[in-house]
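Observations on chain architecture
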Amino acid sequence: MADRYQSFARSPLGQTLVRRLGLPDPPRLQRHTPGRPVLEGPVLSGAAPAGWAGKQVDALLADLGAPNYPADYAALVFDATGIADPGQLRALYEFFHPVIRSLRPSGRVIVLGTEPRSDPAQAAAQQAVEGFVRSVGKEVRQGATAQLVRLAPGAETAMESTLRFLLSARSAYVSGQVISVDPATVPDVTDWEHPLHGQVALVTGAARGIGEAIAATLARDGARVVCLDIPAAGDTLAAVANRIGGVALQCDITAADAPQRIATHLQRGIDVVVHNAGITRDRTLGRMSDAEWDAVLDVNLAAPARITSALVESGALRSGGRVIGLASITGIAGNAGQTNYAASKAGVIGLTRAQAAVLGERGITVNAVAPGFIETEMTARMPLVIREVGRRLNSLAQGGRPVDVAETVAWLAAPASAGVTGQVVRVCGQSLLGA
């Protein structure tokens, strides 16, 4: 659905009223197109004393061809891994203060840190870095974003996929996130445009909306995509599969035989599983029927758990595979009239963290993506006021697009993202809900 306010705000009259009245000013976000470079301008990098990731960062920036000289910057990258007590936090101020206003529209701020540990001074300092980054994300303007990447010791060699995603236009609607990277064996990548070449991916709920965008993006990245949806969506599903060169599989994921049927269909092996299928049955708790509760919990949470288990137990999900679930900021913040939906999406987060710990022994990563307000058929049916609040209540002052969720899924699906597991990444423009 068209965002009429955004169109108006970009008009000459709209710009005048936005400035005079202090109204939201949605920027024009730069999104990825095939062949677009990761960076399109100079990058300034720096490090606190004793930082241990800067060498790898500088090597990556050099590989990307990013110049490092005083100018208006496409990105600012700072290694804060060496900050071990509150007194050292001044290094953040000294690096960013002189240059933050030189950040280009749709620029990127990335800070590298570490997990807060048991040492009180280190824990205080590294938690302070998170507060700093989240605040920077709310200060920068014109589509710029800010992220914190926490590196475990030894993980600096596994961070390239994550940095490429966060520096690029693929992460246009991702901001204010904290992403942890663990040590991992990462395969050599010779083609970053097609990182999923030769892999097989399953996307549930692929007939429309976010699922369709995910299927198309994974296919663009080289995967052979099995598009799954309910039989009632068969014609639309077939059209999507044909358009991306994939395969259509009609299946009700809540059916008793669905997990075994899917595992049998994929018995030759699968590399990526995306649990996108989901429904809503919104009603306040006192008015909600048994059927409305049960349907949402079964489709959104129980069925994905059963399917993953069947794929793992059958051996269809290969070692080194990727499992990605669709959560929601509603599962983080809650929402009136959505106790069933919020419970199911919070459950996805819990399932993600538990499965990551278990399946990590097989080299399988498990992550979740939590969309905020995304422009879909579902959000188009919202009442006007609620829809407008959902669009504006984030640092980018607009709704996201299905492709924003799809790009995040594609990053997590890549073999080079082996160090990212058990994470919940919000695609919400740094929504104020649940912040």
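As the structure is a prediction and not an experimental result, all values here were calculated from the model.

Here we take up the overall build of the protein. Across its full length, the protein carries 15 helices and 12 strands. Computed over C-alpha atoms, the radius of gyration of the protein comes to 21 Å, within 12% of the 22 Å expected from 2.2 N^0.38 for 435 residues, which places it in the range of a compact globule. Reported as C-alpha extents along the three principal axes, the dimensions of the protein are approximately 60 × 55 × 45 Å. When the 435 residues of the protein are sorted by exposure, 54% land in the buried category. Within the protein, contacts between residues at least 6 apart in sequence are counted, and of these 75% link residues at least 24 apart.

Bringing the sheet that holds strand β7 (residues 224–229) into the picture now. Taken in spatial order, the 7 strands of this open sheet run β8-β7-β6-β9-β10-β11-β12, and their pairing is parallel. What marks the edges here is a single partner per strand, and that holds for β8 (247–250) and β12 (424–427). The sheet shows a mean angle of 20° between the axes of neighbouring strands, taken without regard to direction. Contacting β9 (270–275) and β10 (317–326), helix α10 (residues 290–314) crosses the sheet at an angle of about 175° to β9.

With 7 of 7 residues buried, strand β2 (residues 73–79) lies mostly within the body of the structure. Where strand β1 (residues 43–47) and β2 come together, 5 bridges link them in parallel fashion. Looking across to β2, one finds that G46 is bridged to F78. As paired strands, β2 and strand β3 (residues 103–113) are joined by 6 bridges and run parallel to one another. Looking at β3, one finds that Y73 is bridged to L103. A crossover links β2 with its parallel partner β3, the connecting element being helix α4 (residues 90–96), and its sense is right-handed.

If charged atoms from side chains of opposite charge come close, those side chains can pair. Tallied over the entire structure, the rule returns 18 salt bridges. The residue E292 makes a salt bridge to R283 at a minimum N-O spacing of 2.7 Å. According to the relative accessible area criterion, E292 is buried, its value standing at 15%. Note on R283: relative accessible area 38%, which makes it partly exposed. Through salt bridges with shared partners, a single network forms among R170, E193, R220, D221 and E407.

Moving on to the sheet that holds strand β5 (residues 177–181). With parallel pairing, the 5 strands of this open sheet are ordered in space as β1-β2-β3-β4-β5. On the outer flanks of this sheet lie β1 and β5, each paired with one strand and no other. Averaged over neighbouring strand pairs, the angle between their axes works out to 15° when direction is ignored. The sheet strands contacting helix α3 (residues 54–63) are β1, β2 and β3, and the helix crosses β1 at an angle near 170°.

Conventions used here
All residue numbers refer to positions counted from 1 along the written sequence of the respective chain. Local features in a predicted model are, by the rule used here, given only for residues with pLDDT of at least 70; side-chain atom pairs are given and counted only at 80 or more, and totals for whole chains, interfaces and linings are based on all residues. Note that the side-chain values use all heavy atoms of the structure and ignore hydrogens as well as water. The way it works is that DSSP assigns letters per residue, a run of H or I at least four long becomes a helix, a run of E at least two long becomes a strand, and they are numbered from the N terminus. Our radius of gyration is a C-alpha quantity, and the globule rule it is checked against amounts to 2.2 Å times the number of residues to the power 0.38. Burial classes follow relative accessibility: with a 1.4 Å probe on protein chains only, a residue under 20% of its type's maximum area counts as buried, one over 50% as exposed, and anything between as partly exposed. Should any heavy atoms of two residues lie within 4.5 Å, those residues are considered in contact. Between any two strands, pairing holds if DSSP finds at least two bridges. In this description, a line fitted to the C-alpha atoms serves as the axis of each element, helices being fitted only across the stretch in contact, and the angle between N-to-C directions of two axes falls anywhere from 0 to 180 degrees. Orienting the strands away from the viewer, one traces the path from the first strand over the helix to the second; a clockwise path indicates a right-handed crossover. Only one rule defines a salt bridge in this text: a Lys or Arg side-chain nitrogen within 4 Å of an Asp or Glu carboxyl oxygen.

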